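# Summary of the model geometry
One-letter residues, chain by chain:
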Amino acid sequence: MIGGGGLQLSAPPTSAGFRLYPPLVCELTKQGQRFLFSLAAAEEPSSATGLLRKFVASSNKHLYTVIKQESWFSWNAKLAAEVIAVLYKEEKFDEAENLFAETVLKLEFKERDLCVFYCNLVDSHAKHKSERGFLDSCTQLRKLIVRSSSVYTKQRGYSAMAAGFCEMGYPDEAENVVEEMAETGVKPSAFELRSLVYGYGQKGLLEDMKRSVVRMENEGVGLDTVCCNMMLSSFGAHSEIQEMVSWLKKMRESGMRLSVRSYNSVLNSCPAIVFLLKDMKSLPLSIGELVGDLKTDEASLVVELLKSTVLDQVMVCSSSELKLDLHGMHLSTAYLVLLQWFHELKLRFAAGNCATPAEILVVCGRGKHSSARGESPVKDLAKVTIARMKCPLRIDRKNIGCFIAKGKTFKDWLLHRLV
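In this numbering scheme, every chain counts its residues from 1 along its sequence in written order. Totals for whole chains, interfaces and linings use every residue, but because this is a predicted model, local features are given only for residues with pLDDT of at least 70 and side-chain atom pairs only at 80 or more, for both listing and counting. Heavy atoms from the whole structure form the basis of all side-chain values; hydrogens and water molecules are not counted.

### A closer look at the nonpolar core
Stated formally: Put simply, a nonpolar core is a bunch of buried Ala, Val, Leu, Ile, Met, Phe, Trp, Tyr and Cys residues held in one set by side-chain atoms that sit within 4.5 Å of each other. Burial classes: relative accessible area under 20% of the type maximum marks a residue as buried, over 50% as exposed, and values in between as partly exposed (1.4 Å probe, protein chains only). Only DSSP runs of H or I with at least four residues qualify as helices, and only runs of E with at least two residues qualify as strands; both kinds are numbered from the N terminus onward. Contacts are assigned to residue pairs with any non-hydrogen atoms lying within 4.5 Å of each other.
Residues F117, L324, L326, W341, F342, L393 and F410 are the most contacted members of the largest nonpolar core, which totals 112 residues. Here this core gets 10 residues from one element, more than from any other, and that element is helix 19 (residues 331-351). Once residues within four sequence positions are removed from consideration, L324 is found in contact with L311, V314, M315, V337, L338, W341, L361, V362 and V363.

Following this line, the structure appears as structure tokens:
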């Protein structure tokens, strides 16, 4: 019940009805209001219990320490690690130490579970950038590693510390952990070595990042798209456009597929394209115009991207429908992919390599994941571009996150378009 500016919760409903406990009191926030409405709408006891557990996992930690004692609450060490990290961040060290001691007491005779808890704790402190908590948890984890004979404990523990140091911005320390790991007879895995690539790249230590890549290759750990995306992002963050071009060529020559994230990482680092996107009504409307407007380095970058198979990954074609899906694309990526799509479809239709589908569909989304919910920059870009091209695509009445057109109408327009 609500009163006096606060929120009182009794126990969750059970199959036998409501069990009464002393009320829990907390400030009624917007989160609390949303929680109450959801709880009131729950039709089944199990649904209400699930909502309570979810609320506890994301709400005031004082509430957590009280409610976790109830029999219906599922205690787990990962949640405890996250709570401890938040308490550290809020400088509530006594409460954090109490919860830490309680958790260790539960797990002290289960080495693997204790190791997982310490690793979760290292990860949570690193995520919250809590240096004191991170170093304290590394000390505890290292003690467990030293006294353990388990390969699992050593592998998992060193891995967590290496990733944590990289997340905290100390890749040199992470590399020391990897060296220590190797000295104990545990071979560093792809995860630890890729963490070093990420850590050095994030700090802008690009030569160390490239050195880490050479080490990966020397140790038989192959590069993958995720690792290369990290490198592309790091080069881009420091305006190393030629390095990005070189790595894109290396990826293509090795047969490695680019992804939408590769496009995002690269194009967000192209200042000329980012500048052009500030005025959608003046954007070049063809690949040729765009490349002609760019400086040599950025033009080379775009040309290299166009040699990838990303367009085929986001386009589905059948006799009934030809669909382009722009989900997951940043604005610069959606812009280039749209131009690439128009260009490629015109070539395929003209060569007779693509049957005329019954319907053309461009999926932009409704902006559910945008910074301003309900406003989709990608949809706005597509709308302006389509209007300027006098393209027959129109917003779908059944789904406002899509543009739709009859296949024959779209094909005829595209084949007669001058550029």
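### Things to note about the packing of aromatic side chains
Cut-off, in case you're wondering: Two aromatic rings from Phe, Tyr or Trp, using only the six-membered ring of Trp, form a pair when their centres are within 6.5 Å; if the ring planes differ by under 30 degrees the pair is stacked, by over 60 it is edge-to-face, and anything between is tilted.
Under the criterion given, the structure shown has 10 aromatic pairs. With a centroid separation of 5.5 Å and an interplanar angle of 35°, the aromatic rings of W341 and F410 are classed as tilted. Note that W341 is positioned in helix 19 and F410 in helix 21 (residues 407-416), a separation of 69 residues in sequence. Their ring planes at 45° and their centres at 5.7 Å tell us that F410 and W413 sit as a pair that is tilted. Placement of both F410 and W413 in helix 21 is noted, with a separation of three residues, approximately one turn of the helix.

### Notes on unusual backbone geometry
Phi is positive for K129, which is not a glycine, with a value near 55°. The topology assignment puts K129 in the loop between helix 6 (111-127) and helix 7 (131-147). Positive phi values are uncommon outside glycine, yet K390 reaches one of about 60°. Within the secondary structure, K390 sits in the loop between helix 20 (377-389) and strand 9 (394-395). You can call K390 exposed: its relative accessible area is 68%.

### Details of the pairing of strand 10 (residues 402-406)
Heads up, the rule is: Paired strands, as defined in this entry, are two strands with at least two bridges between them according to DSSP.
Sheet analysis places strand 8 (residues 359-363) next to strand 10, joined by five bridges and oriented antiparallel. Its bridge partner lying in strand 10, I360 is registered against A405. Direction of pairing for strand 9 relative to strand 10: antiparallel, over a ladder of two bridges. The partner of R394 across the bridge, within strand 10, is I404.

### What to know about the UniProt feature "repeat: PPR" (unreviewed entry) in the chain
To keep things clear, this is the line we draw: UniProt positions are given in the numbering used here, feature names are shortened, and annotations may be inferred rather than shown by experiment.
Here the UniProt-annotated "repeat: PPR" (unreviewed entry) positions come out as residues 154-188 and 224-258. The span residues 154-188 shows a helical share of 80% and a strand share of 0%, and its end C-alpha atoms are spaced 11 Å apart. Secondary structure within residues 224-258 divides into 74% helix and 0% strand; the distance between the first and last C-alpha atoms comes to 10 Å.

### Overview of the state of the cysteines
We count it as follows: Here, the term disulfide refers to a pair of cysteine sulfur atoms separated by no more than 2.5 Å.
Enumeration over the complete set of coordinates arrives at zero disulfides. This cysteine, C227, is not joined by any disulfide, and C228 carries the nearest cysteine sulfur, 5.9 Å off. The thiol of C354 is unpaired, and the distance to the nearest cysteine sulfur, on C317, comes to 4.0 Å.

### Thoughts on the sheet that holds strand 8
Adjacent strands of a sheet form backbone hydrogen bonds with each other and so pair up, either parallel or antiparallel. Filter applied, for reference: Here, axes are lines fitted to C-alpha atoms. For helices the fit covers the stretch in contact, and angles between N-to-C directions go from 0 to 180 degrees.
Pairing is mixed in the open sheet, where five strands are placed in the order 6-7-8-10-9. Each edge of the open sheet carries a strand with a single partner, namely strand 6 (315-317) and strand 9. Across the face of the sheet, helix 21 comes into contact with strand 8 and strand 10 while running at roughly 85° to strand 10.

### Looking at the pattern of salt bridges
Threshold: Think of a salt bridge as a Lys or Arg side-chain nitrogen and an Asp or Glu carboxyl oxygen that are within 4 Å of each other.
Tallied over the entire structure, the rule returns 18 salt bridges. Between K127 and E82 there is a salt bridge; the shortest N-O distance is 3.3 Å. Of this pair, K127 sits in helix 6 while E82 sits in helix 4 (residues 77-89), and the two are 45 residues apart along the sequence. Put simply, K129 and E167 hold a salt bridge, and the shortest N to O gap is 3.1 Å. Residue K129 is located in the loop between helix 6 and helix 7, and its partner E167 is located in helix 8 (residues 151-168); the two are separated by 38 residues in the primary sequence. Overall, K129 belongs to the partly exposed group, its relative accessible area being 46%. In this structure E167 comes out as partly exposed when scored by relative accessible area, which is 31%. Three or more residues are tied together by salt bridges with common partners; here these are E175, E179, D208, R211, R215 and E219.

### Some details on the pairing of strand 7 (residues 321-325)
Counted only if it meets this: By convention, a crossover is right-handed whenever its connection, traced from the first strand over the helix to the second and viewed with the strands pointing away, goes clockwise.
Residues L322 and L324 line the buried face of strand 7, whereas the alternating positions E321, K323 and D325 sit on a face that is not buried. Examined bridge by bridge, strand 6 and strand 7 share three bridges and lie antiparallel to one another. Opposite C317, over in strand 7, you have L322 as the bridge partner. With antiparallel pairing between neighbouring strands as the criterion, strand 6 and strand 7 make up a hairpin whose turn holds three residues. Pairing of strand 7 with strand 8 involves five bridges; the strand directions are parallel. Counterpart to L324 in the pairing with strand 8 is V362. Handedness of the crossover joining strand 7 and strand 8 through helix 19: right-handed.

### Section: the packing of helix 8 against helix 10 (residues 190-202)
Put simply, the rule reads: Under this scheme an angle from 65 to 115 degrees is roughly perpendicular, one under 35 degrees roughly parallel, and one over 145 degrees roughly antiparallel; angles in between are oblique. Lys, Arg, Asp and Glu make up the charged group, whereas Ala, Val, Leu, Ile, Met, Phe, Trp, Tyr, Cys and Pro make up the nonpolar group; the residues left over, Gly among them, are polar.
Remark: helix 8 packs on helix 10, axes separated minimally by 9 Å, with the N-to-C direction vectors making an angle of 10°. Here helix 10 runs roughly parallel to helix 8, going by the angle between their axes. In this structure, helix 8 contributes Q155, S159, A162, A163, C166 and E167 to the contact, and helix 10 contributes F191, E192, S195, L196, Y198 and G199. Split into classes, the residues belonging to the contact of helix 8 with helix 10 amount to six nonpolar, four polar and two charged.

### Focus: the environment of M230
The topology assignment puts M230 in helix 12 (residues 225-237). The spacing of M230 and V197 is 33 residues in sequence and 7.6 Å in space, taken between C-alpha atoms. Ignoring any residue separated from it by four or fewer positions in sequence, one finds M230 in contact with R194 and Y198.

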